[in-house]
Amino acid sequence: MLVLVAPGQGAQTPGFLTPWLELPGAADRVAAWSDAIGLDLVHYGTQADADAIRDTAVAQPLLVAAGLLSAAALGDIAPGAVAGHSVGEITAAAFAGVLDDTAALNLVRKRGLAMAEAAAITETGMSALLGGDPEVSVAHLEKLGLTPANINGAGQIVAAGTLEQLAALAEDKPEGVRKVVPLKVAGAFHTRHMAPAVETLAKAAAELAPADPKLTYVSNKDGRTVASGTEVLERLVGQVANPVRWDLCMETFKELGVTALIEVCPGGTLTGLAKRALPGVRTLALKTPEDLDAARALVAETATPAADAAGA
C-alpha cells in the first residue's frame, strides 16, 4: 500500500522548480496558476533567492504548486492514502479531490498572506530539536515559554515562539537533545501567535464547496482518517494555530498497512522521518524529474491506476 505525502514550509530551496518546468505543459500550467492567484510562481520557483522564498506568503503557494505539479507527473494514480505536513495538508486535500487545484492554490495564497501578517506582529520563529526524549523535551520547552508546534516522531520536535525564547533554547537544550536547528520559516506557526490568521482563513474556507475525499485522507491534527470534505476544511483552518502531530500520522500509516511512501516535490524531510520511524517501508522523495522513473516503478508495485480502480 502506497501513501503519498506533501512536505511543509522550510522544504523550499532557490531554483527547485526549474527542472519541473521543463516537463511538457508544466510551464503553462504554473503560469495559469500564477495568474489565478496573483503571484508569479515561475519567478519564485526559478529565479528568486532564499530570502524571497522564505516569505510565508510566497513559500506556501509555491510548495503547494510544486507538490501538485510533481504528483501530476506521476500519472493517474490512486494511492492507498494521502497526508500532508502543515501547509502540505492543502496539497493532500487536492490529491484527495476535496479541492480542485485552483481552489487549493487560492486557499493557500490567502493562508500564506494571513500567516505572514500574523507573524509580523511579533518576531517569532521555529527550531527543530534533534534527539532526546519527547516528554522531557516538551516539558523543557514549556518551561521556556515555547510551544512544541510540530511533534514529528523519529526523535524530532519543532519548537516555536519568540526569537528571544528560541535563543534561550539554543543556550539551554533539553537533556538528551543533540542539536537545535533554526528553520527557514518566518514565524511561530501552529501556535497562539497565528490566532489572527484563523479568522481570515475561516472566511476564505466558507466560500468553498469541498467534496468528500476520494482517497483515505490522514489528518495531521491527530492522525485520524477523515471522510468528510467539510471536516477536512475545518481542520485545515484550525491547524494554523494548533500543533502538527506527524508522529500520529505515521502511526496511522502503520495501522493502514502502508508499505511504501512517496514524498512529492520538494521531497526529503518526510522521507527522512519515515526511514527512522517506519522500518521496512520503502521511501522515495521526488526532488527532481530524474526521480520520476523510480517513483513510477514504486507506484506500479503498490498502487492501482485510477482508471482500473474505477473499472474502466
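The structure presented is a predicted model; accordingly, all values stated were derived computationally and were not measured.

(A) The overall build of the chain, seen in detail. Assigned secondary structure in the chain consists of 14 helices and 12 strands. The globule rule puts the C-alpha radius of gyration for 312 residues at 20 Å, and the 18 Å found for the chain is close to it. Principal axes of the C-alpha set define a box for the chain whose edges measure 60 × 45 × 35 Å. Within the chain, residue pairs in contact and separated by at least 24 positions form 74% of the contacts whose partners lie at least 6 positions apart. Here the chain displays about 12,700 Å² of accessible surface, and carbon together with sulfur accounts for 51% of that area. Distance from the positive charge centre (23 side chains) to the negative charge centre (35 side chains) of the chain: 4 Å.

(B) Focus on the pairing of strand E10 (residues 260–263). Residues Ala260 and Ile262 of E10 are buried on one face, and the alternating residues Leu261 and Glu263, pointing to the opposite face, are buried as well. In this structure, strand E1 (residues 2–6) lies alongside E10, joined through four bridges in parallel fashion. In the sheet register, leucine 4 faces E10, and the bridge partner there is isoleucine 262. Of the pairings in the sheet, the one linking E10 to strand E11 (residues 282–285) comprises four bridges and is parallel in character. Bridge pairing in E11 places leucine 261 opposite threonine 283.

(C) Quick look at the nonpolar core. Residues Leu17, Tyr217 and Ile262 are the most contacted members of the largest nonpolar core, which totals 80 residues. A per-element tally of this core places helix H4 (residues 56–73) first, with 10 residues. Listed in part, the 18 residues of the second largest apolar core include Val5, Trp246, Leu270 and Leu278.

(D) Focus on the sheet that holds E1. Read from one edge to the other, the open sheet built from six strands follows the order E9-E8-E3-E1-E10-E11, with strand pairing classed as mixed. With one partner strand each, in any of the chains shown, strand E9 (225–226) and E11 form the two edges of the open sheet. Sheet strands in contact with helix H5 (residues 88–95) are E1, strand E3 (81–84) and strand E8 (216–218), and its direction is about 155 degrees off that of E3. Each of E1, E3, E8, E9 and E10 is contacted by helix H11 (residues 246–256), which is oriented at about 150 degrees to E8, the strand it contacts most.

(E) Region of interest: the environment of aspartate 101. Take aspartate 101: it is sitting in helix H6 (residues 101–119). Residue classification places aspartate 101 among the partly exposed positions, given a relative accessible area of 22%. Sequence separation between aspartate 101 and tryptophan 33 is 68 residues; the distance between their C-alpha atoms is 8.5 Å. When near neighbours in sequence (up to four residues on either side) are disregarded, aspartate 101 contacts Arg29, Trp33, Leu68 and Ala94.

Basis of the calculations
- Residues numbered from 1 in each chain as written.
- Predicted model: local features only at pLDDT ≥ 70, side-chain atom pairs only at ≥ 80, totals over all residues.
- Heavy atoms only, no water.
- Helix = DSSP H or I, 4+ residues; strand = E, 2+ residues; numbered from the N terminus.
- Rg over C-alpha atoms; globule rule 2.2 N^0.38 Å.
- Contact = heavy atoms within 4.5 Å.
- Areas by Shrake-Rupley, 256 points an atom, 1.4 Å probe, with all protein chains shown as cover.
- Lys, Arg positive; Asp, Glu negative; His and termini not counted.
- Charge placed at Lys NZ, Arg CZ, Asp CG, Glu CD.
- Buried < 20%, exposed > 50% of the residue type's maximum accessible area, 1.4 Å probe, protein only.
- Pairing = 2+ DSSP bridges.
- Core = buried A, V, L, I, M, F, W, Y, C linked by side-chain atoms within 4.5 Å.
- Axes fitted to C-alpha atoms, helices over the stretch in contact; angles between N-to-C directions.

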